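Structural overview
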Amino acid sequence: MSLRPGIADEFPVLTRLVDGKRLVYLDSANTSQKPRQVIEAISNYYETINANVHRGSYRLAVEATAALEGARARVARFINAPSASEIVFTKNSTEAINLIARTWGHTNLGTGDVVVLSEMEHHANIVPWHMLAAEKGIELRWIPVDSQGRLVLDSLDRLLDGASLLAITAMSNVVGTINPIAQLAAAAHEKGALVAVDASQFVPHVATDVQAMGADFLVFTGHKLLGPMGIGVLWGRRDLLDDMPPFLGGGEMILNVTKEGFTTNEVPWKFEAGTPMVAEAVGLAAAIDYLEELGMDEVRAHETRLTAYALRTLTARYPDTIKIHGPSEPAERGGVLSFEFGDVHPHDVAQVLDQAGVCVRAGHHCAKPLMRVLGVPASSRASLYVYNNEADVDALADALEQAADIFSF
Amino acid sequence: MPGLEDLYREVILDHYRSPRNRGELATPPATRAEGFNPLCGDEIVVYIDVDDQGVITDVAIGGQGCSISQSSASMMSAAVKGQSVDDARRLVSAFKAMMSIHEGEIGGDGSGSNDDAPTEAGDKEPVRLGDLEALRGVVKFPVRIKCATLGWNTLTQALDEAAPRV
């Protein structure tokens, strides 16, 4: 059952044929497809407004500035941020996490200070902290993950002891596990640690309330949420953002510049050096409008149903061949299904599926520490979103038969 | 669009199912090199024994990965075992040329123009690829070229270490 009748037709690329076959897009955890409304919002911006922001007094410049700041307010409402001034636009989630590490981390952390991560983090929420560790001598601690891809919280209090920051994903990009962020945030705050949430996989799929979560920072990216590539979001508590030094230097982020130095602009512009991505912000706002019109609760319910269908269908069709990683209970996970298919290497699985027009990702999904816990070097990953339905899951199941045929040994 | 039969030829699947020269060699005397494909996590370990005459007397392959990377490394090990280091290097070049990678074209050693190259190459026996021809279809699947060449790049590392070019 589709989330609403004909929804896939609202995404122009999904009407495309591949060698005469219907395109079956199951790689939304990687990037999502864009509805016509988003594509039109972006082209409409370029066709009717386009001007640089915050620096022109003419009509177009005023409208472009209003479009950018309107998008910021739209994002703030979407995640229930107390103020639009707490929304910083970045290139993507990766840049947002690097911003936290380079500004807040660089200022507040030194030798022996502790940042707690989990073993299921994306490299984007690992490498910036490794870089800070190399530079400042901070200590990284890791919340372990069990074989079903769930956090093991037995030793949480010990791990958080003396920690300055818990930086953790809200939903695994590999196995779909949804983490209990509010509970983790409460535990971290009890120990005096701040909480930075990587919500790249969460915000597109589950209604998000940064205040109810108890987060101090939260990041996500536009392109996984039906929006364009090239825009991400950092939300941070205003008092934290106010105290942080700027990230990149240049125009827009200053109040004054002399030969002797500069003074920084207010938040959020303090963190947005140079010409910002206005059309992308407009596209992101259109994507949020689209999702809220569908209703985030309906989106989540649809994906939970479809995930349950996929788990059931794939294990019924290939009981001895398929092993799907992650929690077996659909309510505990998002629509991200990493799997092993017999001894067939994920790269070969993805190749065979491609011939049937089915797009999945193969590899380590930028989460090598988690792959080590799961005991595999790589996996195939099918991921679901608003435009998918049971027919897409059936197409995946059908296409896997050819992988079984070619590699029958 | 090319079909899967262009990629998964029987000889490739045979080497994937039953890889040749699988294992390790003691280092030293053997030389060991590791290659990674950061894209998919594939990993190949190449061991070679090179004697005083510059002959590769033994080869072993370790690591894990997809059918293309593993079968290519297996076929490579069979092809270079017993060959001289120079012949092995020529085979590497010929294989990479089949994969549409022409290293002489960019950079190179600056010793001559492209016009001179055919004459020089013409002096030598053309390199016979044998079973390796089965991997020719990989070129039609550009994403997989890195899989097919992983073992060969790793072999080059091992050769450079065991018998540095003078």
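What counts as what
Residues numbered from 1 in each chain as written. Chains lettered and ligands numbered in written order. Predicted model: local features only at pLDDT ≥ 70, side-chain atom pairs only at ≥ 80, totals over all residues. Heavy atoms only, no water. Salt bridge = Lys/Arg side-chain N within 4 Å of Asp/Glu carboxyl O. Helix = DSSP H or I, 4+ residues; strand = E, 2+ residues; numbered from the N terminus. Buried < 20%, exposed > 50% of the residue type's maximum accessible area, 1.4 Å probe, protein only. Phe/Tyr/Trp six-rings, centres within 6.5 Å; stacked < 30°, edge-to-face > 60°. Core = buried A, V, L, I, M, F, W, Y, C linked by side-chain atoms within 4.5 Å. Domains from an automatic or database assignment. Contact = heavy atoms within 4.5 Å. Buried area = accessible area lost by both parts, 1.4 Å probe. Polar contact = N/O pair within 3.5 Å; in protein donor to acceptor, adjacent residues only side chain to side chain. Nonpolar A, V, L, I, M, F, W, Y, C, P; charged D, E, K, R; others polar. Disulfide = S-S within 2.5 Å. Axes fitted to C-alpha atoms, helices over the stretch in contact; angles between N-to-C directions. Parallel < 35°, antiparallel > 145°, perpendicular 65-115°, else oblique. Pairing = 2+ DSSP bridges. Left-handed = near helix turned anticlockwise from the far one by under 90°.

Details of the pattern of salt bridges
All names here are of chain A. If you walk through the whole model with that rule in mind, you get 28 salt bridges over all chains. For Arg72, the salt bridge is made with Glu272, and the minimal N-O distance between the two is 2.8 Å. Of the two residues, Arg72 sits in helix 2 (residues 59-78) while Glu272 sits in the loop between strand 12 (262-264) and helix 9 (278-294), which places them 200 residues apart along the sequence. Residue Arg72 is classed as buried on the basis of its relative accessible area of 1%. A relative accessible area of 5% means that Glu272 is categorised as buried. In the salt-bridge network here, residues are joined through shared partners; they are Arg4, Glu10 and Glu293.

Quick notes on the packing of aromatic side chains
All names here are of chain A. Applying the stated criterion across every chain yields a total of 10 aromatic pairs over all chains. Measuring from ring centre to ring centre gives 5.7 Å for Phe11 and Tyr290, while their planes differ by 85°; the resulting arrangement is edge-to-face. Placement of Phe11 in the segment before strand 1 (17-18) and of Tyr290 in helix 9 is noted, with a sequence separation of 279 residues between them. Take Phe11 and Tyr290: they sit in the same class, and that class is buried. Ring centres of Tyr385 and Tyr387 lie 5.8 Å apart, and the angle between their planes is 75°; this geometry places the pair in the edge-to-face category. Residues Tyr385 and Tyr387 agree in their burial class; the two are buried.

Overview of the nonpolar core
The nonpolar side chains of soluble globular proteins are, as a tendency, buried together. By size, the foremost hydrophobic cluster in this structure holds 86 residues, and its most contacted members are Phe89 and Val386 of chain A. If one sorts the elements of this core by residue count, helix 9 of chain A sits on top with 12 residues. When residues are assigned to domains, this core turns out to be shared by domain 1 (7-30 + 295-406) and domain 2 (39-292) of chain A, each giving three or more. In this view, Val386 of chain A contacts Leu3, Ile7, Phe11, Leu226, Leu291, Leu294, Val299, His302 and Glu303 of chain A; residues no more than four positions away in its chain are not counted. With 73 residues, the next largest nonpolar core counts Ala362, Leu384 and Ala403 of chain A together with Val46 of chain B among its residues.

What to know about the interface of chain A and chain B
Listed by partner, the interface residues are 17 residues for chain A and 22 residues for chain B. Summing both sides of the interface, chain A and chain B together bury roughly 1600 Å²; the carbon and sulfur share of this comes to 58%. Of all residues in chain A, His347, Gln351 and Gln355 of chain A give up the largest surface area on contact with chain B, accounting jointly for 33% of the area buried on that side. There are 1 salt bridge connecting chain A and chain B. Its salt-bridge partner being Arg144 of chain B, residue Asp348 of chain A comes within 2.8 Å of it at the nearest N-O pair. In this assembly, chain A and chain B are joined by 6 residue pairs in polar contact (both at pLDDT 80 or more). Looking at the side of chain A that touches chain B, the elements with two or more residues in it are helix 11 (346-355) and helix 13 (390-406) of chain A. Here the element with the most residues in the side of chain A that touches chain B is helix 11 of chain A; it accounts for 6 residues. Class assignment of the residues belonging to the side of chain A that touches chain B gives a composition of 6 nonpolar, 7 polar and 4 charged.

What to know about the state of the cysteines
Going through the model one piece at a time under the given rule, you end up with 0 disulfides over all chains. The thiol of Cys147 of chain B is unpaired, and the distance to the nearest cysteine sulfur, on Cys66 of chain B, comes to 3.9 Å.

Some words on the packing of helix 2 (residues 10-17) of chain B against helix 3 (residues 67-80) of chain B
All names here are of chain B. Across the interface, helix 2 lies against helix 3 with an axial gap of 8 Å and an inter-helix angle of 85°. By the angle between their axes, helix 2 is roughly perpendicular relative to helix 3. Taking contact as the criterion, the partners of Val11, Ile12, His15 and Tyr16 in helix 2 are, on helix 3, Ser67, Ile68, Gln70, Ser71, Ser74 and Met75. When grouped by side-chain class, the residues that make up the contact of helix 2 with helix 3 number 5 nonpolar, 5 polar and no charged.

Looking at the sheet that holds strand 6 (residues 139-143) of chain A
Residue and element names in this part refer to chain A. Sheet architecture is open: 7 strands sit in the order 4-10-9-8-7-5-6, paired in mixed fashion. At either end of the open sheet lies a strand with only one pairing partner, and these are strand 4 (87-90) and strand 6. Within the sheet, the average angular offset between the axes of one strand and its neighbour, ignoring direction, is 20°. Across 5 bridges, strand 5 (residues 114-118) lies against strand 6 in parallel orientation. Across the sheet, residue Val114 finds its bridge partner in strand 6, namely Glu139. Packing of helix 4 (residues 127-136) onto the sheet brings it into contact with strand 5, strand 6 and strand 7 (163-169), and relative to strand 6 it is tilted by some 150°. In the packing of helix 6 (residues 181-190) onto the sheet, the strands contacted are strand 7 and strand 8 (194-198), and the crossing angle to strand 7 comes to about 170°.

Observations regarding the packing of helix 1 (residues 36-48) of chain A against helix 9 of chain A
All names here are of chain A. Where helix 1 contacts helix 9, the two axes come as close as 8 Å, and the packing angle between them is 145°. Handedness of the crossing formed by helix 1 with helix 9: right-handed. Along its contact with helix 1, which presents Gln37, Val38, Ala41, Ile42, Tyr45 and Tyr46, the element helix 9 presents Val278, Ala279, Val282, Gly283, Ala286, Ala287 and Tyr290. In the contact of helix 1 with helix 9, the residues fall into 11 nonpolar, 2 polar and no charged.

Points about the sheet that holds strand 17 (residues 379-383) of chain A
Residue and element names in this part refer to chain A. Spatially, 4 strands are ordered 13-14-17-16 in an open sheet, and the strand pairing comes out antiparallel. At either margin of the open sheet sits one strand with a lone partner, and together these are strand 13 (322-324) and strand 16 (361-363). Going across the sheet, the axis of each strand differs from the next one's by a mean of 30°, ignoring polarity. Note that strand 13 and strand 14 (residues 336-341) share 3 bridges and pair antiparallel.

What about the domain arrangement of chain A?
Residue and element names in this part refer to chain A. Taken domain by domain, chain A holds domain 1 (7-30 + 295-406) and domain 2 (39-292). Facing 37 residues of domain 1, the contacting portion of domain 2 comprises 34 residues. Carbon and sulfur atoms make up 59% of the surface buried where domain 1 meets domain 2, a total of about 2800 Å² over both sides. For the domain 1 face of the interface with domain 2, the top three residues by lost area are Met296, Leu370 and Tyr385, together amounting to 23%. The interface formed by domain 1 and domain 2 includes 1 salt bridge. Linking Glu332 and Arg150 is a salt bridge whose minimum nitrogen-to-oxygen distance equals 4.0 Å. In this structure, the connection of domain 1 to domain 2 is made through 19 residue pairs in polar contact (both at pLDDT 80 or more). Sorting the residues of the side of domain 1 that touches domain 2 by element identifies helix 10 (296-317), strand 14 and helix 12 (368-374) as the ones contributing at least two each. Take the side of domain 1 that touches domain 2: its biggest share by element is 6 residues, from helix 12. Grouping the constituent residues of the side of domain 1 that touches domain 2 by class yields 19 nonpolar, 10 polar and 8 charged.

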